Amino acid sequence: MSEKIVLTILSAKGLVFEGEVDECYVPTNTGPVGILRGHTPYIASLKNVGILKFTSRSVKSFYVIKQGAVEMKGERLLIITTEAICAKSLADAEKIIEDFK
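Rules used in this analysis
- Residues numbered from 1 in each chain as written.
- Predicted model: local features only at pLDDT ≥ 70, side-chain atom pairs only at ≥ 80, totals over all residues.
- Heavy atoms only, no water.
- Helix = DSSP H or I, 4+ residues; strand = E, 2+ residues; numbered from the N terminus.
- Rg over C-alpha atoms; globule rule 2.2 N^0.38 Å.
- Buried < 20%, exposed > 50% of the residue type's maximum accessible area, 1.4 Å probe, protein only.
- Contact = heavy atoms within 4.5 Å.
- Areas by Shrake-Rupley, 256 points an atom, 1.4 Å probe, with all protein chains shown as cover.
- Lys, Arg positive; Asp, Glu negative; His and termini not counted.
- Charge placed at Lys NZ, Arg CZ, Asp CG, Glu CD.
- Phe/Tyr/Trp six-rings, centres within 6.5 Å; stacked < 30°, edge-to-face > 60°.

Participant: Go over the overall build of the protein with me, naming the residues and quoting the values.
Facilitator: When you go through the protein residue by residue, the secondary structure sums to 1 helix and 8 strands. Taken from N to C terminus, the helices and strands of the protein fall in the order β-β-β-β-β-β-β-β-α. A compact globule built from 101 residues should have a C-alpha radius of gyration of about 13 Å, and the protein, at 13 Å, falls within 12% of that. In terms of principal-axis extent, the alpha carbons of the protein reach across some 45 × 25 × 25 Å. The buried share of the protein, taken over its 101 residues, is 35%. At a minimum sequence separation of 6, the contacts of the protein that also span at least 24 residues come to 50%. Roughly 6,000 Å² of accessible area belongs to the protein as shown, and the carbon and sulfur atoms make up 55% of that amount. Distance between charge centres in the protein, computed from 13 positive and 12 negative side chains, equals 2 Å.

If you want it as structure tokens, here you go:
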């Protein structure tokens, strides 16, 4: 049995990412939420603009996401957002957010 969760990121333009990840940190309206395999079912709205972080095979990935919702059900994590921009690093993601302001 896999110890991973299946992350799907959908934006208004279509599928952005789908794959197995070890962990994910989601920017919700009530603050960042860390999600691992076995997390209880969960639904929340996303922060207006925030950084989605996840790790897969020891590689960290960062996306700047704008508005939307997150749902965790079973081993599947679904992020639905109006926009998702892939960033090369955390610093790059922070710069993208600064440019939005």
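Participant: Break down the packing of aromatic side chains for me, citing the residues and quoting the values.
Facilitator: Inspection of the entire model under this criterion finds 2 aromatic pairs. Through successive ring pairs, a cluster of aromatic residues spans Phe17, Phe54 and Tyr63.

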